[in-house]
Amino acid sequence: MRKIFFICMVYLTLNSLSLNAQNGWLQVSSGVSYDINCVIILDSQYSICAGIGNAILISSNGGNNWTQNNSGFGFMRDIDFINQNTGFILDDYHAIKTTDKGNSWTYMDAGPYLKTNIDFINESTGFISGTDGGDLSPVAFVKKTTNGGLNWAHYQLSALGAAQNVKFFDSINGISIVCNRIHHTSNGGVNWYTPGSSAIGCLNSVYTLNKNSHFGCSNSGNIYKTENGGLNWSRQNSGTTKHIRNLFFADSSYGFAIGDSGLILRTTNAGMNWIQQYSNSIKNYIDIYFINKDTGIIVGQDGIILRTITGGLTFINQNSAVIPDKFSISQNYPNPFNPKTIISYTIPSNVKGQMSDVKLNIYNALGKEIAVLVNGKQNAGSYEVIFDGSNLPSGIYFYKLETEDFSETRRMILLK
């Protein structure tokens with residue numbers, strides 16, 4: 001498979017321009033050295049994450065700084081919040097609950113056996129997935145509470161292994177995955193069924209868009225998609241062979257996949273193509289969360305935390321003394337290129353004093369979109385973006401700049 005790899009990097013020039021860089025993924029200090037396994041963003045400023053070591057980490061300034069709350073229980077695996085104040089963190093054998101945005105936590109007895117994931121649909125009703133932990137034939141289960149975690153009913157899935165990624169759409173309809181099979185329930189978890197079997201290997205994680213549409217990931221760079229509740233899966237073009245651990249979608253089109261050795265992938269077309277992003281780390285990433293397509297946090301091995309407010313993209317705004325008087329896009333330089341090239345464009349002042357909606361996309365010779373370099377609002381100024389086609393074949397490609405009042409396409413040649 002092709003790996004489409006681009007890095008929108010800062011292009012520094014020795015001139016009198018004032019540079020205003022917007023960075024992609026920034027590593028921030030967590031203050032801990034153990035693995036962080038789960039993260040959630042409650043709003044643009046407030047986030048919570050947890051992992052090994054009994055410590056819960058809280059940020060109240062957009063993920064820039066983190067304080068430690070020693071209220072955890074061992075190996076914390078998953079986190080879920082019902083609203084801004086009330087949420088749960090799950091470890092191997094316990095659940096803890098907060099009603100004050102993580103400042104204090106209360107132990108909740110969720111019964112025995114190994115637990116993997118937690119999902120609440122309201123303040124009363126929630127679900128936990130896991131396995132009974134038997135050495136020879138562990139049986140998957142889902143637990144259910146209807147009183148905010150005080151009591152839990154235990155339901156077996158009649159499947160060997162660990163149930164994970166439990167997700168309910170309402171009080172009676174939900175799913176849980178065991179290895180490569182999605183189990184469905186329509187009576188609140190009492191009974192479970194599978195729509196069919198799949199030839200794909202065991203999945204590490206599944207991200208659910210709706211009752212029928214799911215993305216799954218596994219080892220060796222495999223990403224799969226189903227549109228019929230798991231009856232059939234189609235393999236996506238991830239462009240990597242690295243171990244993929246988790247997925248997150250900001251909406252039905254914009255998604256991210258993370259994994260080992262600093263792997264971050266981004267899709268802007270519902271998984272048709274995945275583009276590798278630069279993270280400046282070789283740590284293993286474990287969990288990821290976004291509140292929109294731009295603002296997200298990644299956590300993982302040895303306490304690493306990364307944050308972005310640009311969807312992982314990095315570009316540079318060159319604010320000179322002279323504001324451009326028209327839209328323009330220049331011929332890429334160098335051209336032909338191998339494997340990197342610079343694309344420059346200008347945005348004039350908006351007559352209404354507003355920022356312009358800007359898109360900069362890359363297409364192959366057949367007109368298929370293979371990368372979205374820019375998609376958002378930008379101020380007037382001159383911009384430069386570096387496109388890296390390291391794992392693309394030689395050939396002719398096109399880049400297109402689109403705004404409300406302007407559209408232009410230019411050709412470039414990748415020659416290896």
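Structure: see above.
Rules and cut-offs
- Residues numbered from 1 in each chain as written.
- Predicted model: local features only at pLDDT ≥ 70, side-chain atom pairs only at ≥ 80, totals over all residues.
- Heavy atoms only, no water.
- Pairing = 2+ DSSP bridges.
- Helix = DSSP H or I, 4+ residues; strand = E, 2+ residues; numbered from the N terminus.
- Axes fitted to C-alpha atoms, helices over the stretch in contact; angles between N-to-C directions.
- Disulfide = S-S within 2.5 Å.
- Buried < 20%, exposed > 50% of the residue type's maximum accessible area, 1.4 Å probe, protein only.

Draft legend 1. Representation of the pairing of strand 37 (residues 407–414). With eight bridges connecting them, strand 36 (residues 395–402) and strand 37 associate as antiparallel partners. Residue pairing across strands places isoleucine 396 opposite isoleucine 413, the latter belonging to strand 37.

Draft legend 2. Region of the structure containing the sheet that holds strand 9 (residues 87–91). Taken in spatial order, the four strands of this open sheet run 8-9-10-11, and their pairing is antiparallel. Lying at the two open borders of the sheet, with one neighbouring strand each, are strand 8 (76–81) and strand 11 (106–108). With strand direction ignored, the average angle separating the axes of adjacent strands in the sheet is 25 degrees.

Draft legend 3. The sheet that holds strand 18 (residues 181–185), seen in detail. The strand order across the open sheet formed by three strands is 16-17-18, and the pairing between neighbours is antiparallel. Of all the strands in the sheet, just strand 16 (163–168) and strand 18 have a single pairing partner and so form its edges. This sheet shows a mean twist of 20 degrees between the axes of neighbouring strands, independent of strand direction. In this sheet, strand 18 lies alongside strand 17 (residues 174–178) in antiparallel orientation, the contact comprising five bridges. Considered in strand 18, the bridge of glycine 174 is made with threonine 185.

Draft legend 4. The arrangement of the state of the cysteines in detail. Within this structure, the stated rule accounts for one disulfide. Each sulfur of the disulfide joining cysteine 179 and cysteine 202 lies 1.7 Å from the other. Taking the sign of the S-S torsion, about -90 degrees here, the bridge from cysteine 179 to cysteine 202 comes out left-handed. Residue cysteine 179 is found in the loop between strand 17 and strand 18, and its partner cysteine 202 is found in the loop between strand 18 and strand 19 (205–208); the two are separated by 23 residues along the sequence. The partly exposed category is assigned to cysteine 179, whose relative accessible area is 26%. The thiol of cysteine 38 is not disulfide-bonded; the next cysteine sulfur, from cysteine 49, is found 7.6 Å away.

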